[in-house]
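Geometric and topological summary
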Amino acid sequence: MGEKILVLDAGTTSTRAMIFDRRGRMESVAQSGLTQHYPKPGWVEHDASEIWEKTLSCMREVVGEAAADIAAIGITNQRETVVAWDRNSGEPLARAIVWQDRRTAGFCAQLKEGGQEPDVQRRTGLLLDPYFSGTKMRWMLDNDETVRAAADQGRLAFGTVESWLVYKLSGGAHLSDASNASRTLLLALDGEQFDEDLCRLFGVPKETLPQVIDTHGVLANCGANCLGREIPICGLVGDQQSATIGQGCLSFGDTKATYGTGAFVLTNKGTDIPRSDNRMLGTVLHQANGKRTYAIEGSCFVAGSLVQYLRDQLGLIGSADETEALARSIDDSGEVVIVPALAGLGAPHWQPDARGVISGLSFASGRAQIARAALEAMAHQTHDLCAAFAADSAPWKSLRIDGGMSANDWMAQDLADMLELDVERPDFIETTALGAAICASVGAGFYRSLEEAAEAMRGATQVFVPKMEEKVRSDRLARYARALSAA
């Protein structure tokens, strides 16, 4: 048996394959970008075949001739994105609908008007928002003749991205781990499998859905046709839950924030099913032997994608790295404020039809002010979440951060200043991949528990301490509140 863990990280903008040793050190990585399709305003799609083919290519590139060294595979993935495929051919039936997609806002509004949201939230921990998978499945059934015909003929398989990859890797296993299944609107938080009543409410045939399984253990097998030998799949976990595990947030009250395409905050809530009075989400953090640990979550849809927008759509920067130097080049943003609602507003506002706002512009406003305002928007959004978590009796003692944007020292310090909390950043910020490695290492028997694995596999951290004067902080929050009302 090998000593290495192969992690597949199927993200929103790229897919990666990474090799970790049993001490949590990343030894190699292969990465390939994914094409984003925007057929209409508010619609976001991926080609599921491209996700699979590029994942397989990255796997083969990073493993090379050393498949014998791989003890287990761990998979982490963009959540809520829905793939529909043919059980017989194993081929996609339509483009995948990405988590950012807002096309089902009208259907969600109908359900809300019908008084369904309180019961849905009580049972699933989720709100009626286009973000989640169930309404995307319903849209495919209602609007794609190929998908509808496959359902009528018993050939349709629905799944989130980890489910799609396991199906392809294993040659036919139709599985979803509990962390991803809890993001569909179709799983009751206390239910073992997808719920009949919820499936009826959303119009999704239960027989099209995967079996719900643990996040770690020997879960399936990757066939020999992929890497030349059969390798067990020992970890499956949604990307934000994976980052929470990778940050070692395994005790009640531990909190992390991931700043990637979006921004996602999770607080460990232990074995009690979380309830929110402030429009936060309840979710499964991980599951072992059928027993669940839960988290309360706040999701902001736009974080790193705002910087990408400044680069690709507006041409204000040449690379994301420029934002830190631009932010440092001026004393303040000149009262420029950005509300990054380019894909609607997530928690705690949940306004799918909101649109982005740039306020406070003057002739003195240049690209430095706009770049700084974009970074400040991360702290503003996070402050909204911090207040809502506190109102739900889940106050943050400190905040552990990760994701690509967290490498920006200016932003990390700004978070500490605006939240008035210590902000802790690991030296190795790819904690999403590390969390999948931790899950797979436990599933493979390297460690007895997630806690033991995290202790062994997490590295050193850096702490940012609050320094901002209160008046500066309160003035900024007041400007943000005014801009938010315009969104």
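See the structure printed just above.
Attention here is on the structure that accompanies the text. (Residues numbered from 1 in each chain as written. Predicted model: local features only at pLDDT ≥ 70, side-chain atom pairs only at ≥ 80, totals over all residues. Heavy atoms only, no water.)

1. Considerations on the packing of helix α14 (residues 409-419) against helix α17 (residues 470-486)
The geometry of α14 relative to α17 is characterised by a closest axis approach of 9 Å and an angle of 95 degrees between their N-to-C directions. Taken together, the axes of α14 and α17 lie roughly perpendicular to each other. Along the contact surface, α14 presents Asp414, Asp417 and Met418, while α17 presents Arg473, Arg476 and Leu477. Taken together, the residues that form the contact of α14 with α17 break down as two nonpolar, no polar and four charged. (Axes fitted to C-alpha atoms, helices over the stretch in contact; angles between N-to-C directions. Helix = DSSP H or I, 4+ residues; strand = E, 2+ residues; numbered from the N terminus. Parallel < 35°, antiparallel > 145°, perpendicular 65-115°, else oblique. Contact = heavy atoms within 4.5 Å. Nonpolar A, V, L, I, M, F, W, Y, C, P; charged D, E, K, R; others polar.)

2. What about the nonpolar core?
If you look at the biggest cluster of nonpolar residues, it comprises 93 residues, and the most contacted ones within it are Val147, Leu156, Phe158, Phe202, Tyr259 and Trp396. Ignoring anything within four residues of it in the chain, the contact list for Leu156 reads Ala84, Trp85, Arg87, Leu93, Leu141, Val147, Ala150, Ala151 and Thr208. In terms of nonpolar packing, the next biggest core, distinct from the first, is built from 39 residues, Leu8, Tyr167, Cys226 and Leu227 among them. (Core = buried A, V, L, I, M, F, W, Y, C linked by side-chain atoms within 4.5 Å. Buried < 20%, exposed > 50% of the residue type's maximum accessible area, 1.4 Å probe, protein only.)

3. Things to note about the packing of helix α15 (residues 431-443) against helix α16 (residues 450-457)
α16 packs onto α15 with a crossing angle of 125 degrees between their chain directions and a minimal axis gap of 9 Å. The angle between α15 and α16 places the two elements in the oblique class. Crossing geometry of α15 relative to α16 is assigned as right-handed. Counting all contacts with α15, which are made through Leu434, Ala437, Ile438, Cys439, Ser441 and Val442, the residues of α16 involved are Leu450, Ala453, Ala454 and Met457. (Left-handed = near helix turned anticlockwise from the far one by under 90°.)

4. Some thoughts on the sheet that holds strand β13 (residues 255-259)
An order of β15-β16-β14-β13-β19-β20-β21 is seen for the seven strands of this open sheet, with the pairing classed as mixed. Each having just a single partner strand, β15 (281-288) and β21 (461-464) make up the two edges of the open sheet. Going from strand to strand, the sheet's axes swing by 30 degrees on average, the running direction of each strand aside. Alignment of β13 against strand β19 (residues 399-402), held across three bridges, turns out to be parallel. Across the sheet, the residue bridging to Thr258 is Asp402, located in β19. Against the sheet, helix α13 (residues 367-391) engages β13, β14 (263-270), β16 (291-300) and β19, with an angle of about 135 degrees to β16. (Pairing = 2+ DSSP bridges.)

5. Here we look at helix α6 (residues 161-170)
With nine of 10 residues buried, α6 is to be regarded as a mostly interior element. For α6, every residue scored as buried is listed here: Val161, Glu162, Ser163, Trp164, Leu165, Val166, Tyr167, Lys168 and Leu169.

6. Observations concerning the packing of aromatic side chains
All chains considered together, the criterion is met by 12 aromatic pairs. Note on Trp99 and Tyr131: the rings are 6.1 Å apart at their centroids and 65 degrees apart in plane angle, and the pair reads as edge-to-face. Of this pair, Trp99 sits in the loop between β7 (96-97) and α2 (105-113) while Tyr131 sits in the loop between α3 (117-124) and α4 (133-143), and the two are 32 residues apart along the sequence. Residue class for Tyr131 comes out buried when judged on its relative accessible area of 0%. In this structure an aromatic cluster arises from ring pairing among Trp99, Tyr131, Phe132, Phe264, Phe301 and Trp350. Between Arg103 and the ring centre of Trp43, over which it is positioned, the NZ or CZ distance is 3.8 Å. When the ring centre of Trp139 is taken as reference, the NZ or CZ atom of Arg103 above it lies at 4.4 Å. (Phe/Tyr/Trp six-rings, centres within 6.5 Å; stacked < 30°, edge-to-face > 60°. Lys NZ or Arg CZ within 6 Å of the ring centre and 35° of its normal.)

7. Topic: the pairing of strand β6 (residues 83-86)
With burial as the criterion, each face of β6 is covered, one bearing Val83 and Trp85 and the other bearing Ala84 and Asp86. Here β6 runs beside strand β8 (residues 156-159); their pairing, made up of four bridges, is antiparallel. Paired with Asp86 across the two strands is Leu156, which belongs to β8.

8. Examining the side chain of Lys136
Along the chain, Lys136 turns up in helix α4. With no salt bridge to any partner, buried Lys136 finds its closest opposite charge in Asp101, at an N-O distance of 5.3 Å. (Lys, Arg positive; Asp, Glu negative; His and termini not counted. Salt bridge = Lys/Arg side-chain N within 4 Å of Asp/Glu carboxyl O.)

9. What to know about the pattern of salt bridges
Here the structure, examined in full by the defined rule, presents 36 salt bridges. When the shortest N-O distance is used, the salt bridge between Glu297 and Arg79 registers 2.6 Å. Here Arg79 lies in the loop between β5 (70-77) and β6 and Glu297 lies in strand β16, a separation of 218 residues in the sequence. When its relative accessible area of 2% is taken as the criterion, Arg79 is described as buried. Among the ionic pairs, Lys206 bridges to Glu196, the shortest N-O distance being 3.8 Å. A residue pair is termed long-range when its members are at least 10 positions apart, and Lys206 in the loop between α8 (196-202) and β10 (211-213) and Glu196 in helix α8 qualify at 10 residues. On the basis of relative accessible area, Lys206 is assigned to the partly exposed category, the value being 29%. Among the residues examined, Glu196 registers a relative accessible area of 44% and is labelled partly exposed. Sharing partners across several salt bridges, the network here consists of Arg79, Glu80, Arg183, Asp239 and Glu297.

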